[in-house]
Amino acid sequence: MNETAAPYSLQPWLSAYGDQIPRDLAPPAHSSLAAYLRDASREHTTRTAFTTCMPNGMHGSLTYAQVDAYSDAFAVYLRQVIGLAAGARVAVQMPNCLAYPVAAFGILKAGCVLVNTNPLYTPAEMEHQFRDSGAEALVIVDMFADKLDGILARTGIRKVIVAEVPQFFSAIPRAVIRGVMKWWNRTLPPFTAPHIRLPAALAEGEAALKRDRIDVAAYTRDVGLDSLAVLQYTGGTTGVSKGAMLSHGNLLNNLDQAFAMGRSHIEPGREVVLTALPLYHIFAFTFNLLAFYGVGARNILVPSPRPIQNLQRAFDNYRITWVSGVNTLFNALMNEEWFTAFPPKHLKAAVAGGAALQHAVADRWQKITGTRIAEGYGLTESSPVVCFNPITGTQKPDSIGIPVPGTAVRLVNDAGEPVALGEAGELIVQGPQVMQGYWNRPDETARTIKAGWLYTGDIAVMDSEGYFRIVDRKKDMILVSGFNVYPNEVEDAIAKMDDVLEVAVIGVPDERSGEAVRAFVVPQRDGLTDEAVRRHCRRYLTDYKVPRVIEFRKELPKTPIGKILRKDLKAEFNASKAA
Amino acid sequence: MLTEFETRLLGLMMMVIMLGMGASLTFKDFRIAFRKPQGILVGLLCQYGIMPFLGYALAVVLGLPPALAIGLILMGCMPGGTTSNIFAYFSKGALALSIMMTVCSTLVAVAMVPLLLEFYSQMKGLPSEYAVPAGNVAQVLVVLIVPTLIGIALRKWNPNVGATIELLGGALGIFVILFLVATWVPRNHMLLATTPWQVYAAAIGLGLVGMLIGYLLSKGLRQDDRRSRTIALETGIQNGPLAVLIVLLTFSGEMQQQVLLIPVLYSLFIVLSSSAVTVWFRRITTREELARDGAKVPTGLAPAAS
């Protein structure tokens with residue numbers, strides 16, 4: 001054993017596993033997601049699997065048996081009716097609603113590959129993703145189907161299936177919601193793309209299923225753990241969106257890994273999980289959708305958590321026991337009197353991912369709800385979970401926790417050699433959840449997966465107990481006159497000002513110092529000057545870390561789950577310099 | 001005046017509206033309203049402290065003749081109107097607080113209204129015998145409370161039914177507001193032409209100034225912005241039909257017609273001004289919601305020394 005690798009090879013985090021978390025990860029109990037989903041459906045038949053809860057409290061639900069039957073019908077529709085082959089890519093583009101699990105599970109049961117697509121994409125982004133993935137069919141929500149008008153002909157999509165947010169609701173609530181969407185909110189634009197409605201597709205699938213006595217399980221007979229299940233697109237760090245190839249094995253292992261970290265707080269058949277994060281995002285997809293389906297939980301799907309009042313009826317009407325979210329969501333909830341005055345009584349645990357969880361948010365949450373937010377860490381490329389704070393046992397603030405079972409993590413320097421304990425290095429991961437590579441991009445894959453290790457591009461530090469803390473993105477690091485400056489550190493310092501609402505820090509080329517620190521600040525109120533910000537910075541930061549230029553903004557570019565996009569700010573800056 | 005049939009129809013519609021209002025609530029909302037019980041006390045103070053005095057003051061300042069002064073003071077002494085709850089709902093206010101305030105001010109009306117009327121009438125040297133129909137006050141309470149409770153229960157039983165009824169109640173609320181204005185104008189348009197400006201000022205001012213003072217007082221007594229806006233609407237909106245009824249029971253002949261003038265005018269203008277204020281308040285509330293949504297975590301640090 002290499003001596004410097006010792007701190008990681010010893011896996012000091014194993015002692016933090018306690019008696020609740022298994023040290024070794026057993027191989028998945030199923031050979032495919034289709035088999036996993038089918039078993040869960042058969043076990044929990046009459047239980048409610050999904051409930052969509054609208055902001056006004058209107059709702060529709062599907063039982064496990066219904067999800068099973070509808071997704072079977074959809075699988076038959078894809079394979080038998082429109083004649084897709086196994087492994088064909090099928091894109092799904094919709095917000096959280098009952099149609100999502102039916103479509104996604106149907107695709108997996110058909111032995112096809114699910115291509116999760118952000119419904120807020122622009123037509124150009126949609127075109128790129130559909131062409132890149134080679135999608136042959138698309139399930140899209142009617143709210144955004146008008147975006148297909150200009151691009152459909154330029155993609156390989158030959159069948160468009162249109163779903164709606166109140167899909168599977170009973171007649172009156174469905175009519176009311178559609179009426180409100182059409183006439184009041186005006187979110188149902190007319191569209192011209194030739195299409196079939198989801199219920200009609202299901203009816204055709206079901207008819208074919210009965211007529212031809214199809215055994216749906218046969219579609220996935222040849223599917224194994226190494227078969228491709230999902231293409232999960234990620235802008236990653238380089239900007240151009242590429243598809244992470246997640247296999248059935250990747251996802252089955254990762255949901256087992258996630259489950260292992262929380263199983264002390266999960267009672268099969270009794271959990272109610274609030275899904276306010278979008279299912280097309282890998283965090284909610286693996287954690288809320290796949291992992292909780294397997295334990296017979298009821299998933300409360302909220303189509304949009306903004307404004308945060310949209311969640312009030314969900315908390316009022318259901319006995320929520322688990323909630324997953326990002327920092328901004330937890331923070332927004334705690335700014336609401338209805339939440340803080342009567343926090344959910346049945347809540348057992350909350351988990352955060354996607355972006356760093358702020359210390360103050362975690363503390364307030366514990367005071368208000370009596371439960372802790374367990375922070376985790378993951379990437380699209382790792383299905384996503386890599387690390388988690390154990391729900392039982394020690395949780396460390398500002399830490400992403402410890403590696404989940406079956407996962408090896410190391411911190412390495414630029415040469416790929418492990419750094420000593422306590423030193424900052426790039427976090428690399430090995431485990432059954434690591435993707436197979438980027439779809440049709442061997443060069444990108446080779447740059448990201450080296451000798452079986454996934455290079456995350458995140459700089460982290462490990463303590464002696466095996467807990468990791470993220471320092472920053474490697475490529476966001478700023479080199480000022482030979483000194484390393486981590487934007488996170490500068491951002492944290494500036495964010496401490498009460499007059500500052502949000503802040504992002506990037507490095508820009510500079511003639512004198514090589515790179516200079518530039519801050520983008522969204523002020524909380526008018527009248528904030530750059531001198532005041534700099535003065536504040538000098539109280540917390542050494543001179544070379546204090547921003548050279550401070551630019552005030554009304555807002556900052558963000559991802560759908562609220563992560564600030566430094567790369568967009570950089571691109572903007574470069575473009576303005578080039579012009 | 002409305003015919004007997006129209007009055008009943010209006011009562012029935014009011015019940016459906018309150019059913020819808022109730023369906024937008026849970027008992028939790030009432031418990032949140034009671035978390036700051038001062039809100040209700042502030043409301044009572046506005047309702048029975050400020051409004052009667054405002055009516056009296058306006059009558060003096062505008063130099064209204066006795067019959068009109070009685071009408072104005074009477075209007076000021078009324079409990080909160082049930083339409084205030086519709087406006088509270090549409091302005092995204094604290095509906096539970098609004099309902100609690102209407103219920104409380106109506107409950108104490110039986111005792112407070114005669115007392116206040118006597119007090120202010122004597123100050124103006126006016127007759128001080130008024131008939132306050134306890135039965136009608138009880139009816140107001142029933143129309144308010146029973147449907148609200150049924151609405152809450154329906155929503156708890158089935159959120160789909162609750163949301164549908166809430167939507168129906170809201171739609172009917174808008175309809176009733178339009179109905180009130182639309183039926184008022186053809187019946188009373190003659191009044192509009194012959195009424196002197198002082199009477200307009202009194203009828204419009206009572207509601208608007210009442211809202212303003214109600215808001216400032218609530219803010220002064222440390223109610224948050226949303227509660228203050230709710231209390232403002234509740235303060236400005238009085239139970240017009242009850243005032244009309246008291247006049248009808250107490251006065252007769254020419255005097256009755258004169259005393260009725262201000263309650264009738266008030267009933268029209270309060271609907272118009274409340275509608276405008278509601279649109280404004282709703283915008284403010286929406287803006288606050290969005291701001292809260294994006295608000296950052298309190299840092300617990302003092303602002304940087306500057």
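Residues numbered from 1 in each chain as written. Chains lettered and ligands numbered in written order. Predicted model: local features only at pLDDT ≥ 70, side-chain atom pairs only at ≥ 80, totals over all residues.

This part takes up the overall build of chain A. Helix and strand counts for chain A come out as 17 helices and 26 strands. Taken over the C-alpha trace, chain A has a radius of gyration of 24 Å; the compact-globule value for 579 residues is 25 Å, and the two agree within 12%. Dimensions along the principal axes, computed over C-alpha positions, put chain A at roughly 75 × 60 × 50 Å. For chain A, the proportion of its 579 residues judged to be buried stands at 52%. In chain A, the proportion of contacts linking residues at least 24 apart, taken out of those at least 6 apart, comes to 69%. (Helix = DSSP H or I, 4+ residues; strand = E, 2+ residues; numbered from the N terminus. Rg over C-alpha atoms; globule rule 2.2 N^0.38 Å. Buried ≥ 20, exposed ≤ 12 C-beta atoms within 10 Å, placed from the backbone. Contact = placed C-beta atoms within 7 Å.)

Next up on the list: the overall build of chain B. When helices and strands are tallied, chain B shows twelve helices and zero strands. Along chain B, helices and strands appear, N-terminal first, in the series α-α-α-α-α-α-α-α-α-α-α-α. Taken against the 2.2 N^0.38 rule, which gives 19 Å for 306 residues, the C-alpha radius of gyration of chain B at 20 Å falls within 12% of a compact globule. By residue count, 46% of the 306 residues in chain B fall in the buried class. Considering only contacts within chain B whose residues lie at least 6 apart along the sequence, 81% involve residues at least 24 apart.

Residue and element names in this part refer to chain A. Pairing analysis gives three bridges linking strand S14 (residues 373-378) to strand S15 (residues 385-388), with the strands arranged antiparallel. Paired with Gly378 across the two strands is Val385, which belongs to S15. Connecting the antiparallel pair S14 and S15 is a turn made up of six residues, with Ser383 showing a positive phi of about 70°. (Pairing = 2+ DSSP bridges.)

Next up on the list: the sheet that holds strand S16 (residues 402-403) of chain A. All names here are of chain A. Taken together, nine strands build an open sheet; the order of strands is S2-S1-S11-S10-S12-S13-S14-S15-S16 and the sheet is mixed. Two strands bound the open sheet, and with one partner strand each, they are strand S2 (59-63) and S16. When strand S12 (residues 322-325) meets strand S13 (residues 349-352), the two strands line up parallel, connected through four bridges. In the sheet register, Ser324 faces S13, and the bridge partner there is Val351. Taken strand by strand, helix H3 (residues 64-81) contacts strand S1 (48-53) and S2, and its axis lies near 80° from that of S2. (Axes fitted to C-alpha atoms, helices over the stretch in contact; angles between N-to-C directions.)

Attention shifts here to the domain arrangement of chain A. Segmenting chain A into domains produces domain 1 (62-223) and domain 2 (477-578). In this structure, domain 1 of chain A and domain 2 of chain A have C-alpha centres spaced 42 Å apart. (Domains from an automatic or database assignment.)

Time to look at the interface of chain A and chain B. At the junction of the two partners, chain A supplies 34 residues and chain B supplies 26 residues. Within the residue set of the side of chain A that touches chain B, elements represented by two or more residues are helix H6 (171-184), helix H10 (312-317), helix H11 (327-333), helix H12 (337-341), helix H13 (359-369), strand S24 (500-510) and helix H16 (530-540) of chain A. Broken down by class, the residue content of the side of chain A that touches chain B amounts to 15 nonpolar, ten polar and nine charged. (Nonpolar A, V, L, I, M, F, W, Y, C, P; charged D, E, K, R; others polar.)

Right, let's get into helix H2 (residues 33-44) of chain A. Residues and elements named next belong to chain A. Between the first and last C-alpha of H2 there are 16 Å, a value that for twelve residues agrees with the 16 Å anticipated at 1.5 Å per step. Taking burial as the measure, the twelve residues of H2 include nine buried ones, the bulk of the element. Taken together, the buried positions of H2 are occupied by Leu33, Ala34, Ala35, Tyr36, Leu37, Arg38, Ala40, Ser41 and His44. Check the buried side of H2 and you find it contacts H3, helix H4 (99-109), strand S8 (228-234), helix H8 (248-262) and helix H9 (282-294). (Expected span 1.5 Å × (residues − 1).)

Once that is clear, we can look at the pairing of S24 of chain A. Within S24 of chain A, eight of the eleven residues are buried, which leaves the element mostly enclosed by the surrounding structure. Between S24 of chain A and strand S25 (residues 514-523) of chain A, which follow one another and run antiparallel, lie three residues.

Residues and elements named next belong to chain A. Strands sit in the order S7-S6-S5-S3-S4-S8-S9 across an open sheet of seven strands; the sheet is mixed. In this open sheet, the two edge strands, each paired with only one partner strand, are strand S7 (196-197) and strand S9 (242-247). Judged from the four bridges that link them, strand S3 (residues 89-93) and strand S4 (residues 113-116) form a sheet pairing that is parallel. Across the sheet, residue Val90 finds its bridge partner in S4, namely Leu114.

Quick look at the packing of helix H7 (residues 134-157) of chain B against helix H8 (residues 159-194) of chain B now. Each pair of packed helices can be summarised by the angle the axes make with each other and by the distance between the axes. All names here are of chain B. In contact at an axis separation of 5 Å, H7 and H8 are set at 140° when each is read in the N-to-C sense. By the angle between their axes, H7 is oblique relative to H8. Seen from H7, the contacting residues are Gly151, Leu154, Arg155 and Trp157; seen from H8, they are Pro159, Val161, Gly162 and Ile165. Taken together, the residues of the contact of H7 with H8 break down into five nonpolar, two polar and one charged. (Parallel < 35°, antiparallel > 145°, perpendicular 65-115°, else oblique.)

All names here are of chain B. Closest axis-to-axis distance for the helix H5 (residues 83-90)/helix H10 (residues 225-236) pair is 9 Å, and the angle between their directions is 150°. By the criterion of interaxial angle, the relationship of H5 to H10 is roughly antiparallel. Like other packed secondary-structure pairs, H5 and H10 cross with a definite hand, here right-handed. Here Ser84, Phe87 and Ala88 of H5 lie close against H10, whose contacting residues are Thr230, Leu233 and Glu234. Tallied by class, the residues present in the contact of H5 with H10 amount to three nonpolar, two polar and one charged. (Left-handed = near helix turned anticlockwise from the far one by under 90°.)

Let us look at the environment of Asn56 of chain A. Within the secondary structure, Asn56 of chain A is located in the loop between S1 and S2. Distance from Asn56 of chain A to Asn254 of chain A, taken between C-alpha atoms, is 35 Å for residues 198 residues apart in sequence. Among all residues touching Asn56 of chain A, those that are not within four sequence positions of it are Arg313 of chain A together with Ala163 and Glu166 of chain B.

Residue and element names in this part refer to chain A. Cis peptide bonds are those with omega within 30 degrees of zero, and the linkage from Arg306 to Pro307 qualifies with -5°. Take Pro307: it is sitting in the loop between strand S11 (298-301) and H10. In this structure, the amide linkage connecting Ser383 to the following residue, Pro384, adopts the cis form with an omega of 0°. Along the polypeptide, Pro384 turns up in the loop between S14 and S15. With a phi angle near 50°, Gln11 is a residue other than glycine that sits in the positive phi range. Given 16 C-beta atoms within a 10 Å radius, Gln11 is considered partly exposed.

This paragraph deals with the environment of Thr46 of chain A. All names here are of chain A. For Thr46, the location among the structural elements is in the loop between H2 and S1. Each C-alpha atom of the pair Thr46 and Val404 lies 32 Å from the other, and the pair is 358 residues apart in sequence. Those residues in contact with Thr46 that lie beyond four places of it in its chain are Thr63 and Ala65.

The next thing to look at is the confidence of the model for chain B. Low pLDDT marks stretches whose predicted atomic positions should not be read closely. All names here are of chain B. In this model, chain B carries an average pLDDT of 86, and 94% of its residues clear a pLDDT of 70 or more. Note that pLDDT drops below 50 for residues 299-306; the model gives that stretch 14 contacts with residues more than four away or on any other chain. Scored as a complex, the prediction yields pTM 0.88 and ipTM 0.82. (pLDDT = per-residue confidence, 0-100.)

Now for the environment of Arg535 of chain A. Residues and elements named next belong to chain A. Locating Arg535 in the fold gives a position in helix H16. According to the C-beta neighbour criterion, Arg535 is partly exposed, with 14 such atoms within 10 Å. The spatial distance from the C-alpha of Arg535 to the C-alpha of Val546 is 9.0 Å, given a sequence separation of eleven residues.

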